[in-house]
Amino acid sequence: MKGYVLEQIEPSKFVLQMGPHHPATHGVLKLFLELEGERVARCRPEVGYLHRGIEKLAETKTYPQVVPLTDRLDYIASMINNVGYCVAVERLLGIEPPPRAKFLRTMVCELSRISNHLLWLATHALDIGAMTVFLYCFREREQILWFLEEICGARLTFSYPRIGGVRIDVEEKTLEKIDRFIDGFFQKIDEYEGLLTENRIWIARTRGVGVINPEDAIAYGLTGPSLRGSGINYDVRKHFPYDAYSEVDFEVPVGKHGDTYDRYLCRVQEMRQSAKIVKQCIQKMPEGSILAENAIELDLPPSGKKKLHPEGWSTGAFISFLKEKEPLLPEGEIYSAVEGAKGELGFFIISDGSGRPYRVRIRVPSFIHISAIPKLAEGQFLADVVAIIGTLDIVMGEADK
Amino acid sequence: MDRTLDFYQFGFLVLKTVFIFAITLVHVAFTTYAERKIIGRAQARFGPKEVGPHGILQPLADFLKIFGKEDIIPQSAYQPVFKIAPIIVFAFTAVNLTVIPFEQGFILADLNVGVLFILASASLAVYGIILAGWSSNSRYSFLGGLRSAAQVLSYEIALTLSLASVVLMAGSLKLSDIVVAQHNSFFGFYAIPQIIGFVVFVIAAFAETNRTPFDLPEAETELVAGYLTEYSAFRYALFFLGEYTAMYIMASLAALCYLGGWTVPKYVMAILPFLKWIPGWVWFLLKVYLFIFLYIWVRATFPRYRFDQLLSLGWKVLIPLGFVNLFITILFKKLFA
């Protein structure tokens with residue numbers, strides 16, 4: 001029949017606005033979903049509900065004052081943010097922390113990473129419906145937080161590292177406790193895995209869900225375990241070592257299929273590796289100072305007495321320098337990255353020599369990972385969207401800055 | 001039977017009804033307590049602890065709290081249906097209690113089609129969920145209602161098929177007859193000869209009552225609370241009561257149709273004669289508790305299925321298994337009877 005045109009019937013779209021308050025969006029992520037039945041036809045993430053202007057705020061602070069701001073980025077593993085920022089400033093200023101400080105930083109970073117991965121596993125499993133894993137993970141996470149509290153006095157916003165070293169030395173007693181905990185921790189990981197790794201329902205819910213091939217993963221800028229799940233061996237700790245990572249022995253677990261299940265395995269293996277690193281740090285912990293000699297002073301100088309070092313800018317009281325507005329820092333810019341718990345955490349700092357950063361740009365993995373959600377969720381079920389948000393391990397404090 | 005009821009008979013019937021409902025409600029209340037305690041135990045924590053010794057009065061506190069809450073009806077909800085939906089769910093679930101025999105002779109209405117009655121009203125209760133999802137006029141609720149419809153549709157068949165084999169074996173649709181037939185059978189209960197049917201029944205019962213791993217209609221992390229999202233106060237409590245009563249109905253059905261109800265197998269009785277001092281309703285309740293424990297245990301252990309996986313499990317595994325079981329039962333019945 002000529003001239004007869006079948007009318008194209010567009011199936012009506014079911015629009016679901018998931019978030020910003022929704023139990024599974026890990027904070028205030030909002031997903032604008034168009035559903036066809038239970039399948040996702042289109043997915044558009046919206047961010048910015050937690051924007052606090054950390055980058056702009058950093059421009060008004062002196063270099064040491066920015067450290068507590070970085071706590072508020074990825075508040076689940078804020079130790080790594082602190083270290084990331086400190087490493088960047090140290091590279092900019094040419095400060096080399098002493099070995100003990102390096103090992104201490106590495107240790108607390110890995111403890112933070114473990115606690116982050118525990119929280120990730122807990123919520124990811126809860127999103128998929130496995131309730132018990134959640135509480136098992138929190139049990140161990142609590143212990144890690146106790147240790148971190150013992151080390152630096154805070155549970156969430158540590159500000160433990162400082163430019164040129166760490167703030168407080170660690171007692172031998174605490175190290176022994178951590179060592180004992182790590183010994184038992186491997187068994188605990190087996191326990192979580194016993195609940196999930198070979199669970200038929202878990203496999204059914206995660207295998208082949210949110211698949212991203214290596215090329216796409218790179219194109220979307222995924223880093224960290226989300227990238228390694230696709231089979232790409234890239235880890236800042238291995239490839240651009242900082243602190244004591246070049247002196248400890250660890251492996252980088254890599255997945256194969258790039259699906260949710262492989263990313264799960266990657267992170268679980270990473271916990272084991274992190275535990276190994278912590279153990280090595282405790283064994284190899286060198287004696288000595290915890291602060292570089294040319295580190296920036298944090299204290300205000302006592303009144304009437306200026307603690308200016310005759311040789312240079314760096315040992316003087318920083319804030320009194322500022323008052324005198326002397327050009328005291330090298331001008332220049334640096335990009336320095338560390339392996340955050342979620343992925344590559346980069347700090348790009350421009351210094352104009354004024355003592356305050358001219359610009360701090362933070363490359364946060366979560367923000368970049370959120371951009372991959374539409375790709376991963378394409379054609380998946382609504383229930384998978386929850387798994388996908390979980391598997392990318394995003395935290396909105398970091399994404400919105 | 002004399003159809004006219006005299007005053008005393010009627011009074012006794014009312015008393016019995018009130019008694020059974022009261023018992024069930026107390027059970028439901030303390031199941032929530034048991035659930036929280038058992039899951040707490042499984043998850044290395046305490047569970048309720050503050051209200052009363054060991055938190056035993058927690059259900060009472062919950063009850064008082066939930067009935068003191070404001071009843072919120074969304075503006076865009078279709079009010080008549082929104083209001084009646086929880087009542088439908090609870091009524092059609094609770095009505096099943098009438099045909100459950102707790103012991104020889106202790107039953108409200110000894111229907112000769114007891115099994116059918118339960119299956120029928122269990123399906124009717126789903127209307128309440130679908131209507132609740134639709135009338136809430138919320139997207140999460142709507143998806144929850146749709147899921148429920150598909151889920152119950154597919155698992156009802158498996159449930160019916162597995163029960164059909166039991167009915168064939170016992171030769172009666174009357175629940176008390178089924179128990180008696182089991183008592184007279186070789187094993188003393190049907191869970192062994194009907195092992196395939198039993199497994200199918202248990203899985204389908206989980207799906208039928210929207211429990212983990214099939215709690216998709218109210219999947220917390222995806223649909224917030226599914227069809228329950230817009231409900232609050234006592235309407236929410238009615239759904240809750242409905243769900244837990246349904247759990248008890250399914251557990252009773254399993255105890256009656258597969259575990260011999262209030263009877264103990266004859267060979268056990270022959271070995272341990274002192275067991276006959278324990279009354280039948282205790283046995284029945286123990287068997288029911290066993291199932292309730294299973295429900296809770298599974299909830300503590302398993303993740304949730306996805307919607308399509310749930311349906312494919314129902315249609316590709318459970319229903320064929322149910323048919324196989326039915327066929328085997330028919331074959332044996334023909335050969336040996």
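Residues numbered from 1 in each chain as written. Chains lettered and ligands numbered in written order. Predicted model: local features only at pLDDT ≥ 70, side-chain atom pairs only at ≥ 80, totals over all residues. Heavy atoms only, no water.

(A) The UniProt feature "transmembrane region" (unreviewed entry) in chain B, seen in detail. Residue and element names in this part refer to chain B. When the UniProt feature table is mapped to this numbering, "transmembrane region" (unreviewed entry) covers residues 12-33, 84-102, 114-134, 155-175, 187-207, 236-261, 281-298 and 310-332. As a span, residues 155-175 carries 81% helix and 0% strand, and end to end its C-alpha atoms are 21 Å apart. Across residues 310-332 one finds 100% helix and 0% strand; the C-alpha atoms that close the span lie 31 Å apart. (UniProt positions renumbered as here; feature names shortened; annotations may be inferred. Helix = DSSP H or I, 4+ residues; strand = E, 2+ residues; numbered from the N terminus.)

(B) Examining helix H4 (residues 114-135) of chain B more closely. Between its first and last C-alpha atoms H4 of chain B spans 32 Å; for 22 residues at 1.5 Å apiece the expected length is 32 Å, and the two agree. Residue Asn137 of chain B follows H4 of chain B closely and has a positive phi angle near 60°. (Expected span 1.5 Å × (residues − 1).)

(C) Layout of unusual backbone geometry. Residue and element names in this part refer to chain A. Even without a glycine there, the phi angle at Ser159 is positive, about 50°. Residue placement: Ser159 occurs in the loop between helix H5 (131-152) and strand S4 (161-162). In this structure Ser159 comes out as buried when scored by relative accessible area, which is 14%. Of note in the backbone geometry, Asp393 takes a positive phi value of approximately 55° without being a glycine. Turning to its location among the elements, Asp393 is positioned in the loop between helix H15 (382-392) and helix H16 (396-400). Accessibility expressed as a relative area gives 5% for Asp393, which makes it buried. (Buried < 20%, exposed > 50% of the residue type's maximum accessible area, 1.4 Å probe, protein only.)

(D) Fine view of the interface of chain A and chain B. Opposite the 34 residues of chain A that make contact, chain B presents 27 residues. Interface area for chain A against chain B, summed over the two sides, is near 2,700 Å², with a carbon-plus-sulfur share of 61%. Broken down residue by residue, the surface that chain A buries against chain B is led by Glu38, Met131 and Ile201 of chain A, which jointly contribute 21%. For the interface between chain A and chain B, the tally reads eight residue pairs in polar contact (both at pLDDT 80 or more). Every element with two or more residues in the side of chain A that touches chain B is listed here: strand S1 (14-18), helix H4 (99-128), H5, helix H7 (200-206) and H15 of chain A. (Contact = heavy atoms within 4.5 Å. Buried area = accessible area lost by both parts, 1.4 Å probe. Polar contact = N/O pair within 3.5 Å; in protein donor to acceptor, adjacent residues only side chain to side chain.)

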